[in-house]
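# Geometric and topological summary
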Amino acid sequence: MGGGMTALIATHPNDRRHILLINPTITKRRSARFPLAVLNLSAALDERYASSIIDGNVDRDFVSTAVRTLESGHIAAVGISVMGGPQLRTAIHLSQTIRARFPSIPIIWGGHFPTICAEASLNVTYVDYAIRAQGEQTLIELLDALFGTASVSLDTIAGLSWRRDRQIIHNPNRAFSTAGLARSLPYERLGDLRHYFGRTFLGQRTGGFQAALGCRFRCTFCGVAAMFRGKTALPPAQRLKQELRLLQTKVGMDSIQFYDHNFFDREEDTAPLLEVLAGLQLPWWCFARADALLNLSQASWALVRKSKLRMAYIGAESPSDWLLHDVRKGTRTDQTLEAVELCRANGVIPELSFMLAPPQDPEGETERTFEFIRHIKRLHHQTEIMLYIYAPLPPAPGSKSPQVERAVSSLRDSDGKPLVFPATADEWAEQKWLTYWCHTDTPWLTPQLRQRIRDFTTVLGCRFPTITDVRSPNWGKAALQTLACWRYRYRRYGRPRELDLSRKFIRLWDPRVSGL
């Protein structure tokens, strides 16, 4: 098989239908981490169906692998996990290939993209069903309906979007479920697990892990809010300990990148998890909120230090409180500054993300953000900065958020007309919409502002190379720092040609693209 994958098809009783779960390529092989979405689906299916996994991040010829697997004749349906952005293109190519070669095989999309864009997912010929939000139980019920293994009809399956004749139907949303917190993941179905641990600034064998589910906040710009609609649940401390100890002792994981959307929620729930991490002492990275960090007691901060938390990704978003209120962030700029100081005092590097160029005042807000970043760098120069373009996505089917609808209705294209989102998955895969989904460009950016953002990002990145870059040579990073120093000091960001030229020879790591 491509990429050296072996024995992906697990052995299961022959009387159960077999489901092929696929994670299309989304990143480079060296950045591959556990495909948690399909792992959770596989675990949930075990009671009723057999399943196997193909991971396109490791198997670089995963489409051919999928075709060969389907040619065996024992696959009853294909489930594909789909994020927006680059993974959408590989998911489309995979789905088109399967549809052309195996027209009778049901193709089911789930994940972030079909949750938000279920209509567009089904406005194509190569997708039969779209599962929105948490997909485990929805997938089981859909398979039951397709194969007659239970008395279920399609119109009763919560969280499912489907076609009746040529009409697309969105069933009601499924209620939030904590069932996944009780399941152990079938890591053995991934083949050689060494592919999923990489060298990062945290350690030599960093693994990805998700402990909690969801997020209880409803930020209008965030796709997580569409997935979980303000619900969250943290795992029992004992289960977290068992899972991490297994990965540490059996596979040699020496550090953790948590994918939890908000690891620090309420202190009373988080403290038992911090005690587990303090006992394991595996360096770790996680998402966090400024207000949640400020609410931690001294006892919890002592556990944070003992547990070796190295970096916390905090959504600062904006230096303007009016905008934070408008997007329902729930935090204030003074809390961002306090959190930076608190992280510095406790040996934690804050990684702050900002949304540039909101349509209300793109030039003014962008310049205010630049100055706010400079202020933060004076407070704690090791603070990591992640810059994105404000690009809210359309409301998900079944969502009832006037704030999201209002935010989207105010968007305009380059001609000043109301922004019209793509109607099909193929249109979402066009380059201009891929960059929109990835928050790297929007129709309302002027060429001048687009260049201004690019230039500032270049100068900032060279003046303060990210600590997560463990691949670029130290001499190269030092050289770029020296070249960028005067530009940053005097705010001369415009047209940094010498930096652009130098970066052709000194490749800096961009965590926005490749993660840790």
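Residues numbered from 1 in each chain as written. Predicted model: local features only at pLDDT ≥ 70, side-chain atom pairs only at ≥ 80, totals over all residues. Heavy atoms only, no water.

## Observations regarding the overall build of the protein
Going by this rule: Secondary structure counts use DSSP, requiring at least four H or I residues in a row for a helix and at least two E residues in a row for a strand, with both numbered from the N terminus. With a 1.4 Å probe rolled over the protein chains alone, any residue whose accessible area is under 20% of its type maximum counts as buried; one over 50% counts as exposed, and the rest are partly exposed. Should any heavy atoms of two residues lie within 4.5 Å, those residues are counted as being in contact. Residue-level accessible areas treat just the shown protein chains as cover; the underlying method is Shrake-Rupley with a 1.4 Å probe. In this count, Lys and Arg are taken as positive residues and Asp and Glu as negative ones, while His and the chain termini are left out. In plain terms, the charge of a residue is placed at NZ if it is Lys, CZ if Arg, CG if Asp and CD if Glu.
In terms of helices and strands, the protein carries 21 helices and 15 strands. Burial status across the protein gives 58% buried among its 516 residues. In the protein, once contacts between residues fewer than 6 apart in sequence are set aside, the share between residues at least 24 apart is 74%. Total accessible area on the protein is roughly 21,700 Å²; 51% of this is exposed by carbon and sulfur atoms. Averaging the coordinates of the 65 positive side-chain charges in the protein and doing the same for the 50 negative ones gives two points 5 Å apart.

## Section: the confidence of the model for the protein
Interpretation of this model should avoid reading the predicted coordinates in detail wherever pLDDT is low. Filter applied, for reference: Confidence of the predictor at the level of single residues is captured by pLDDT, which takes values from 0 to 100.
Per-chain confidence: the protein averages 93 in pLDDT, with 97% of residues scoring 70 or above. Within the model, the stretch residues 1-14 combines pLDDT values under 50 with 38 contacts to residues more than four positions away or in other chains.

## Observations regarding the pattern of salt bridges
Our working definition: Put simply, a salt bridge is a Lys or Arg side-chain nitrogen that is within 4 Å of an Asp or Glu carboxyl oxygen.
On inspection of all chains with the given rule, the structure shows 23 salt bridges. Across the pair Arg189 and Asp46 runs a salt bridge, and its minimum N-O distance is 3.0 Å. Linking Arg189 in the loop between β7 (167-170) and β8 (206-209) with Asp46 in the loop between α1 (36-45) and β2 (50-55), this pair joins segments that are 143 residues apart in sequence. For Asp46, a relative accessible area of 26% gives the class partly exposed. Notably, a salt bridge pairs Arg450 with Asp441, separated by 3.0 Å at the nearest N-O pair. Taken together, the shared-partner salt bridges in this structure form one network comprising Arg216, Asp265 and Arg266.

## Quick look at the packing of helix α2 (residues 62-71) against helix α3 (residues 86-101)
Which entries qualify depends on this criterion: Whenever a helix is involved, its axis is fitted only over the stretch in contact; in every case the axis is a line through C-alpha atoms, and angles between N-to-C directions fall within 0 to 180 degrees. Any angle between 65 and 115 degrees counts as roughly perpendicular, while under 35 counts as roughly parallel, over 145 as roughly antiparallel, and the rest as oblique. It is the rotation of the near helix from the far one that decides the hand of a crossing: anticlockwise by less than a right angle makes it left-handed, clockwise makes it right-handed.
It is at 10 Å that the axes of α2 and α3 come closest, and there the two elements cross at 30 degrees. When the axis of α2 is compared with that of α3, the two are roughly parallel. Two packed elements cross with a definite hand, and for α2 against α3 that hand is right-handed. Between α2, through Phe62, Val63, Ala66, Val67, Leu70 and Glu71, and α3, the contact on the second element is made entirely by Thr90, His93, Leu94, Thr97, Ile98 and Arg101.

## A look at helix α9 (residues 267-280)
Put simply, the rule is: To estimate the expected span of a helix, count its residues, drop one, and scale the result by 1.5 Å.
Compared with the 20 Å implied by 1.5 Å per residue over 14 residues, the 20 Å span of α9 between its first and last C-alpha is a close match. For α9, every residue scored as buried is listed here: Thr270, Ala271, Leu273, Leu274, Val276, Leu277, Ala278 and Leu280. Residues of α9 that are buried in the fold lie against α8 (237-250), β11 (255-258), β12 (284-288) and α11 (298-307). Where α9 ends, the next residue or the one after it, Gln281, has phi of about 55 degrees, a positive value.

## With respect to the sheet that holds β12
Spelled out, the test is: The rule for pairing is simple: two strands pair if DSSP sees at least two bridges between them.
Strand order in the open sheet formed by six strands is β8-β11-β12-β13-β14-β15, and the pairing between neighbours is parallel. The sheet is open, and its two edges are formed by β8 and β15 (384-389), each paired on a single side. Looking at each pair of strands side by side, their axes are set apart by 25 degrees on average, direction ignored. Taken together, the five bridges between β12 and strand β13 (residues 309-317) define a ladder with parallel strand orientation. Bridge assignment links Phe287 to a residue of β13, and that residue is Tyr313. Packing against the sheet, α8 makes contact with β8 and β11, and its axis sits at approximately 150 degrees to β8.

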